[in-house]
Each structure stands twice: as C-alpha cells, then as structure tokens.
Amino acid sequence: MKQIKKTWDSVHVVILGAAAIDITVLVSRLPQPDEIVLAKSCQRYPGGSGGNVAVGLARLGHRVAFAGKVGADEEGSFLLKSFVEEGVNTDAVIIDPHRRTASCFIAIDEKGNRVIFALGGVAPLEKASELNVMMLQNCHLLYIGDTYIDVALAAAALARQGGVPVIFSPGGLLVSLGISALKPLLSIVDVLILSQREAEMLIPDIPLTQRLSNLKQHGPQIIIETRGSEGVALMVKGQYSKVPAWRPERICDTTGAGDAFSAGLMHGYLTGYSWYEAAKIGCATAAIKIAHFGARNGLPNSSELQEFITHHSSYQQ
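Residues numbered from 1 in each chain as written. Predicted model: local features only at pLDDT ≥ 70, side-chain atom pairs only at ≥ 80, totals over all residues. Heavy atoms only, no water.

### What to know about the packing of helix H10 (residues 275-289) against helix H11 (residues 302-311)
Phase 1: Direction vectors running N to C along H10 and H11 enclose 100 degrees, while the axes themselves pass 10 Å from each other. Classified by the angle their axes make, H10 and H11 are roughly perpendicular. Within the contact between the two elements, H10 uses Ile281, Ala284, Thr285, Ala287 and Ile288 and H11 uses Glu304, Leu305, Phe308 and Ile309.
Phase 2: Here the contact of H10 with H11 is built from residues that sort into seven nonpolar, one polar and one charged. (Axes fitted to C-alpha atoms, helices over the stretch in contact; angles between N-to-C directions. Helix = DSSP H or I, 4+ residues; strand = E, 2+ residues; numbered from the N terminus. Parallel < 35°, antiparallel > 145°, perpendicular 65-115°, else oblique. Contact = heavy atoms within 4.5 Å. Nonpolar A, V, L, I, M, F, W, Y, C, P; charged D, E, K, R; others polar.)

Right, dumping it as structure tokens:
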C-alpha cells in the first residue's frame, strides 16, 4: 500500500460513484409472480451506493467529497441538500439540466430481504473530462464505486499519479461486464471490495481462497469479499484471513449494508488500523446500519460506532 498523501487537507476521501433516490416499500413478504402484496409503508430516502459511502464516512468524522451527477429537478436538489446537511463536499457534483435524477424502487419484507429495481436517470459521471483532477490528486484516498469503466480508469490513473491509494468496489452492474472488461482497472487499484455474489460472478466455480488468489493476480494487493452473516474474507498481500460478523441487534433492512461496511473499513484504514482491524470496524458499521430502515439511516458517528464495539460482547471471535 502506498503512503497516504497529506499535502492537501481540504478533502480526505473522494467518492466516485452514484447517488439516487430510494423509494422504499415495506411489505409483509415479497410477492410471487402475478401476485399483489399490500405495502405497509412507502418512504423516500436519499441513496445510491456511492452517496451512501460518502455520508457514512462523513458521519465518522472524515472530510469527504462526492463526485457524480444529479438532474436539475426536485430529486436532485433533495440529494444535494442531504449531502450538504451531512457535511459532504459537492464541488465535484455536476448538475445535468436535461435529464432526471436517478431513482430506485426497493421492496423489503419483514425479515429484511429485498428486491431492487433501478428506474434509470443520471447518476455517475460519464466522461473523464468531468473529473476534478486537483481533488483526485490531492486527497488521501480515492474510492471508486458504481461508475463507467472509462471514467474509473481515468480517475484511478490520476490518483496513482498523485500517490493516492485507490479502493475499487464495482457493484453488480460493473461486475456483470466480466473479468476481462475489469482487468485494466484491476491492474491499477490497491484494494478490491466485492460481495460474495459479485466475486462468484467474476471468478466462478472455484473455492474461496483460490478465488481471492486469482483476483490478486490481476493487480490489487488487498482483496475483500463480504459474505453477509458469515463476515468477511480478507486477503492481504497473499495472506488469507476471515473476519467474523457482528451480531446485529435486529435486521430491518440490509439496503446499504455493503456501503456501510466500506465506510467503516476506510474509517479504520484512515485511523491507522491494520486491514484486519479495519475490516472488523467495517463489519460493526454494517451491523449497526441494518437495524434501521433506509440505506443511510443508522449509519453511525464515531461515538456511536465505538459504543457499539465496546458494549457488544457478542462479536464472534
């Protein structure tokens, strides 16, 4: 891992990704095909994976900038307002006057299971020329989430030129392009975060440790596979370890759990912990979040996170 750059203190972390409106419906159970289920409630929340990570880090006390797009509509204003209220820098957000802001429809049952429908709209940056070069090369850390490959490549290359470490969490849409499409980007990032499903899509039909080793051969020195209630599989420079999950107080909504993990992981890294300890912090952050509805509700501040870690002895050693 490269040395953290500390020459420009206005932004600790740049989050390159998508923000969106989440229309969240609570149901007793998810419907079968051709079946109607009565919704118990319907709420609108600020969301989008990159936006969630940005807010999670900001609540943990870091100076964060979000780089993405919104439309010049009420939904875009809602997202920008939520960022400002959370202390997230929006200087790298572009407002598109010709398209609507992205949104998702999310149905959640009483056990926390969910289905998500992306409803389209503008969200990530679409051209390398839209990147804020100065911000990318002078932050402490770049996190690349759901965005376009060409934009991600340009951002990672710029960060690398500035000596800035790069974390890549592609999400399902980028993973669906396949390992061949992601190889150029994997070769220039430091940390790769995937869910178990995403990792198995990229490298199918081989055991876990072999899968992580295979991914490492493409470039990243740190490979992290999140595995829900099983915790996290971690490979650091070829050394494998397993980080157990914390037992949540309850499970209300798993939307944004992976984003909460990423925020907690980066908080741990920026605070100076090892990757193993940082992954433990990420797991704790996710456990706190899933006890609340909405992708950002429940994301803790640093005091709430420390209190959870201190008082929850049910951590599975």
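What follows picks up the thread again.
### Focus: the sheet that holds strand S10 (residues 166-168)
Phase 1: Strands sit in the order S4-S1-S9-S10-S11-S12-S13-S14 across an open sheet of eight strands; the sheet is mixed. Bordering the open sheet on either side are strand S4 (64-67) and strand S14 (239-243), each of which pairs with just one other strand. In this sheet, neighbouring strand axes are inclined to one another by 15 degrees on average, regardless of whether the strands run parallel or antiparallel.
Phase 2: Where strand S1 (residues 13-16) lies against S4, four bridges are found, and the strand directions are parallel. The partner of valine 14 across the bridge, within S4, is alanine 65.
Phase 3: Helix H1 (residues 49-59) rests against S1, S4 and strand S9 (141-144) of the sheet, and its axis sits at about 170 degrees to S4. (Pairing = 2+ DSSP bridges.)

### Here's the deal with the nonpolar core
Phase 1: The biggest cluster of nonpolar side chains holds 48 residues, and the ones touching the most others in it are Ile15, Ile224, Phe261 and Met266.
Phase 2: Ranked by the residues each element gives to this core, the list is headed by H10, at nine residues.
Phase 3: The contacts of phenylalanine 261, once residues within four sequence positions are left out, are Ile193, Ile224, Thr226, Val232, Ala279, Gly282, Cys283 and Ala286.
Phase 4: Residues Leu16, Met135, Leu142 and Val175 belong to the second largest nonpolar core, which totals 42 residues. (Core = buried A, V, L, I, M, F, W, Y, C linked by side-chain atoms within 4.5 Å. Buried < 20%, exposed > 50% of the residue type's maximum accessible area, 1.4 Å probe, protein only.)

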